[in-house]
Amino acid sequence: PQPKTFKIRYTPDPTSIKNGQRPDLLIDELDEMGDLQATIDASHIPLLSELDPHIMYLRWDVRLTTCATTEDIEGVFMFLDEHEYHVEKVHENPPKAALNKEKQPEPTQEPTTSKSAKPEKSATVRVPAARLDDLMDQLGELVIAQTRLEQIGTTSGDTETLAVSEELGRLITGLRDSTLAMRMLPIEVVFGKFRRVVRNLSEELAKDVALVTSGGDTELDKTVIDSLTEPLVHMIRNALDHGIETAETRAKTAKPVRATVGLVAEQSGSEVLIRVTDDGGGLDAEAIRMRAIDRGLLKAEDSPTLDSLHRLIFEPAFSTAQEVSSISGRGVGMDAVRRVVNDLRGSIDIDTKKGIGTTITLRLPVTLAIIEGFLVRVGDSIFVLPLSAVRECVEYSTVENERSSGRSMLRIRQELVPFIKLQDVFDIEGHPEKDRRVVIVGDGDARVGLVVDDVLGQHQTVIKTFSIFHRGIRGFAGSTILGNGQVALIVDVAALIKHAKDHATPKAREVA
């Protein structure tokens, strides 16, 4: 095909830097398509005293001569909003015949030209993210107020108040679902940014690496999406630099010359699991151990578990690289990953096999605002379990407990399930009641029974994050305010399942 010239106006959104957009990589990709001439419009840059380093002020005017199509060029901008770019084909020195033809258009073309000149109506409205955040905060307070109204109606026995409360609850549920839907974005918004990252890194490292993505239509809260770019960049850089072997090493181990890095997302209950996988050499436990000893993180005589050893890669300034380069060696990557995931109330799992590869899984909440909760009572304290994690409730017999003292496994429909008593775990004083319950909760395929004094039913839970002084408390994911004004802690189910596995015994007890 004959080369064509296009004029491209690239106007990044002011918040594009915060969202992980890289204009330099985008311009480089356009440059690879053909002959590119770019000019930068810096007229919007304010005085130094007024400059915000997190705001994008630059604009680009690009003139590109290429054999690529308009669709190919627009594909470079596929993860940007339409207002951020404009692509226009340039018609230079048209033939005289064409000019004459333009002066005498066919009658049938008149209505078409006139109709196309009318601007199309937009089906969408752009709303600043801050307004959505404010709407969610107000909705959370409305949920708490409705819960208090319901509590008043129940206590007073006023049927009219209860009827109004129930109707208000239905309206709030619909409003909550609509508000959350507005905040949800497909994770492909993040995944799409890494194709260029992998391509550029593979060229710099002289490694043949392909990026494979899956589950891009999985949706997450915008707040979570906005925070994912940095940790995923660090994880991908680590996978390419430390995980993927050189072509010579892969050839010796009969591996395909082209390595694979995968980005996979899937929803699991109230969580979204994001996996970064590679088919490289896996984590070198001995190299991590030696580096940890050099750093003073371990003593030579220590014998940590393999999982504990692997998790040392998330320590600040930890790196096993022998030399500092532009890609690795400074140890500033995986520590940032852990920090962001912790701030999002998520967790990280590591699965690695020597010579086969590594999978790092980020477990993140779908939303950071409101969840459906399941209230349970232990002693005089009320706790909230995420309803999505609750599988079933069974009776807990005190007589059986006395008869099987010391056992920590339940047999439920021919399956052994470990159980723990929340009264013991949280060190709550009080006398165990006769008719206690076991709430079976699950995290993925893992299940555990939580022994509680009573179950109080479902509750729409507005999550209140802990202050900076209380974020280190293990076993809890936050707090909420009940209808009577009492504060209830939200239980971290994943942490309790891990605790149950660590303290379970192989004995079993029957549950009717």
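Refer to the preceding data block for the structure.
Described in the following lines is the structure provided in the data block. (Residues numbered from 1 in each chain as written. Predicted model: local features only at pLDDT ≥ 70, side-chain atom pairs only at ≥ 80, totals over all residues. Heavy atoms only, no water.)

**As for the packing of helix α8 (residues 194–205) against helix α9 (residues 222–243)**
Where α8 meets α9, the axes come as close as 10 Å, and the angle between the chain directions of the two elements is 30°. With respect to α9, the axis of α8 lies roughly parallel. Pair α8 / α9 crosses with right-handed handedness. Here F194, V198, L201, S202 and L205 of α8 lie close against α9, whose contacting residues are T229, L232, V233, I236, R237, L240 and D241. Here the contact of α8 with α9 is built from residues that sort into eight nonpolar, two polar and two charged. (Axes fitted to C-alpha atoms, helices over the stretch in contact; angles between N-to-C directions. Helix = DSSP H or I, 4+ residues; strand = E, 2+ residues; numbered from the N terminus. Parallel < 35°, antiparallel > 145°, perpendicular 65-115°, else oblique. Left-handed = near helix turned anticlockwise from the far one by under 90°. Contact = heavy atoms within 4.5 Å. Nonpolar A, V, L, I, M, F, W, Y, C, P; charged D, E, K, R; others polar.)

**Topic: the side chain of E392**
Looking at the element boundaries, E392 is found in strand β14 (residues 390–397). Filtering out sequence-adjacent residues up to four positions away, E392 remains in contact with I412, R413, V438, V439, I440 and R447.

**Some thoughts on helix α11 (residues 285–295)**
Residues that lie three or four places apart on an α-helix share one face, since the helix turns once every 3.6 residues. Along α11, the residues classified as buried are I288, R289 and A292. Down the axis, α11 shows its buried residues gathered within 100° of arc, on one side only. In this fold, the buried residues of α11 make contact with α12 (306–310). Of the residues flanking the start of α11, the one acting as N-cap is D284, its side-chain oxygen 3.2 Å from the backbone nitrogen of E286. G296 sits one or two residues past α11 and shows a positive phi near 85°. (Buried < 20%, exposed > 50% of the residue type's maximum accessible area, 1.4 Å probe, protein only. Arc of directions from axis to C-beta. Polar contact = N/O pair within 3.5 Å; in protein donor to acceptor, adjacent residues only side chain to side chain.)

**Some thoughts on the sheet that holds strand β6 (residues 209–214)**
Sheet architecture is open: five strands sit in the order β6-β8-β9-β11-β10, paired in mixed fashion. For this open sheet the edge positions go to β6 and β10 (347–353), each flanked by a neighbour on one side alone. Taking each pair of neighbouring strands and ignoring which way they run, the sheet shows an average axis angle of 15°. (Pairing = 2+ DSSP bridges.)

**Some points on the pairing of strand β13 (residues 381–386)**
Among the six residues in β13, five count as buried, and that is most of the element. In the sheet, strand β12 (residues 370–378) pairs with β13 via six bridges, with the strands oriented antiparallel. Directly across from L375, in β13, lies its bridge partner V384. Hairpin connection of β12 to β13: two residues between the antiparallel strands, including G379 at a positive phi of 65°. In this sheet, strand β21 (residues 487–491) lies alongside β13 in parallel orientation, the contact comprising two bridges. Paired with F383 across the bridge in β21 is L489.

**Here we look at the sheet that holds β21**
Pairing within the open sheet is mixed, and its five strands lie in the order β19-β12-β13-β21-β20. Each edge of the sheet is formed by a strand with only one pairing partner; in this case those strands are β19 (454–462) and β20 (476–481). Strand-to-strand twist across the sheet, computed as the mean angle between neighbouring axes with direction ignored, equals 35°. Strands β12, β19 and β20 of the sheet are contacted by helix α5 (residues 129–156), whose axis makes an angle of about 145° with β19.

**Considerations on α8**
The terminal C-alpha atoms of α8, which comprises twelve residues, lie 16 Å apart, in line with the 16 Å expected from a rise of 1.5 Å per residue. Looking at α8, one finds that the buried residues are F194, R196, V197, V198, L201 and S202. Buried positions along α8 lie against α1 (23–31), α2 (70–76), α7 (188–191), β6, α9 and β8 (259–268). Positive backbone phi, approximately 55°, marks A206, located one or two places after α8. (Expected span 1.5 Å × (residues − 1).)

**Some words on the environment of R195**
Tracing the backbone shows R195 in helix α8. C-alpha of R195 to C-alpha of V212: the two residues are 17 residues apart in sequence and 9.1 Å apart in space. A distance of 3.2 Å separates a polar atom in the side chain of R195 from a polar atom in the side chain of E188.

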